[in-house]
Amino acid sequence: MSIMNIIQRTARKGPQLAQQARTCYQGAYGEKCLNSVTLLGRAGSVAQKRGTPDSPVVIFSLATNSYHKNAEGDVTQHVQWHRISVFRPSLRETVFSNLAKGQRVLVRGSISYYTVQDNYNNTSTATSIIADDVIFLSRTREGSYQASDETADDDLK
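Remember, predicted model here, so these are calculated numbers, not experimental data.

Undergrad: I'd like a rundown of the overall build of the chain, residues and numbers included.
TA: Along the backbone of the chain there are three helices and six strands. Listing the helices and strands of the chain from first to last along the sequence gives α-α-β-β-β-β-α-β-β. Across the 157 residues that make up the chain, the buried fraction comes to 32%. Considering only contacts in the chain between residues 6 or more positions apart, those separated by 24 or more positions represent 54%. Surface accessibility of the chain: about 10,800 Å² in total, with carbon and sulfur atoms responsible for 50%.

See the structure below:
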């Protein structure tokens, strides 16, 4: 059910409730939106540090899969690859030092679309998941289990 359906149903109960619902939906600074992604999969590579010293980023790939049954009854696996970017300082360092290829991780964040230009001036659109949380669900490089949700006070400043 969409938010507009909820507002319309509320309007039947009274105009004052409908106005409150509309105010909550639009918010003080315009319409509220949500950009949220949660992925559960396996790391396709070890984390790499990129960027500049002033703006460092850790990048890794994450594979998610789904299974489909075709017309003949055979089950096929479909794998999708996602580019994960980690900018938050403490989370960035934790991911860089602990993430191993094949490790099962849960990533929460937002989706970002941007354009890139190659050496031949060809532009293309790229997609990245900007990670807010990375939760390790299987063994780390050192062999110990880690299931933690990394947050730090300095990241919130």
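Next comes the rest of the write-up.
Undergrad: Give a description of the pattern of salt bridges that names residues and reports values.
TA: In total, this model carries four salt bridges according to the counting rule given. The residue Asp 133 makes a salt bridge to Arg 88 at a minimum N-O spacing of 3.7 Å. Taken together, the positions of Asp 133 in strand β6 (residues 123–136) and Arg 88 in the loop between β4 (75–86) and α3 (89–98) put the pair 45 residues apart, joining distant regions of the chain. Asp 133 gets classed as buried once you look at its relative accessible area, which sits at 14%. Within this structure, Lys 49, Arg 92 and Glu 93 form a network of salt bridges that share partners.

Undergrad: Lay out the nonpolar core in plain terms, naming residues and giving numbers.
TA: Phe 60, Ile 84, Val 95 and Val 107 are the most contacted members of the largest nonpolar core, which has 18 residues in total. If you list the elements that add at least two residues to this core, you get β1 (37–43), β3 (56–69), β4, α3, β5 (104–117) and β6. It is β6 that provides the largest number of residues to this core, a total of four residues. Setting aside residues up to four positions removed in sequence, Ile 84 forms contacts with Leu 39, Val 58, Ile 59, Phe 60, Leu 62, Val 107, Ser 128, Ile 129 and Ala 131.

Undergrad: Go over the packing of aromatic side chains with me, naming the residues and quoting the values.
TA: In this structure the tally under the stated criterion is zero aromatic pairs. When the ring centre of Phe 96 is taken as reference, the NZ or CZ atom of Lys 49 above it lies at 4.7 Å.

Undergrad: Describe the environment of Val 105, listing the residues and the values that go with them.
TA: By secondary structure assignment, the location of Val 105 is in strand β5. For the pair formed by Val 105 and Val 134, sequence separation is 29 residues and the distance between their alpha carbons is 6.8 Å. In this structure, Val 105 is in contact with Leu 39, Leu 40, Gly 41, Phe 60, Leu 62, Leu 99, Val 134, Ile 135, Phe 136 and Leu 137, ignoring residues within four places of it in sequence.

Undergrad: Any details on α3? Residues and values, ideally.
TA: Every buried residue belonging to α3 is among Ser 90, Leu 91, Arg 92, Thr 94, Val 95 and Asn 98, and all of these are buried. Of the surrounding secondary structure, the elements contacted by the buried residues of α3 are β3, β4 and β6.

Undergrad: Let's hear about the environment of Lys 49: which residues, and what values?
TA: Inspection of the secondary structure assignment puts Lys 49 in strand β2 (residues 48–51). Each C-alpha atom of the pair Lys 49 and Arg 92 lies 8.8 Å from the other, and the pair is 43 residues apart in sequence. Apart from residues lying up to four places away in sequence, Lys 49 is in contact with Val 57, Val 58, Glu 93 and Phe 96. A polar contact of 3.3 Å, which involves the side chain of Lys 49, links it to the side chain of Glu 93.

Cut-offs and rules
Residues numbered from 1 in each chain as written. Predicted model: local features only at pLDDT ≥ 70, side-chain atom pairs only at ≥ 80, totals over all residues. Heavy atoms only, no water. Helix = DSSP H or I, 4+ residues; strand = E, 2+ residues; numbered from the N terminus. Buried < 20%, exposed > 50% of the residue type's maximum accessible area, 1.4 Å probe, protein only. Contact = heavy atoms within 4.5 Å. Areas by Shrake-Rupley, 256 points an atom, 1.4 Å probe, with all protein chains shown as cover. Salt bridge = Lys/Arg side-chain N within 4 Å of Asp/Glu carboxyl O. Core = buried A, V, L, I, M, F, W, Y, C linked by side-chain atoms within 4.5 Å. Phe/Tyr/Trp six-rings, centres within 6.5 Å; stacked < 30°, edge-to-face > 60°. Lys NZ or Arg CZ within 6 Å of the ring centre and 35° of its normal. Polar contact = N/O pair within 3.5 Å; in protein donor to acceptor, adjacent residues only side chain to side chain.

Shape descriptors only; they carry no functional weight alone.
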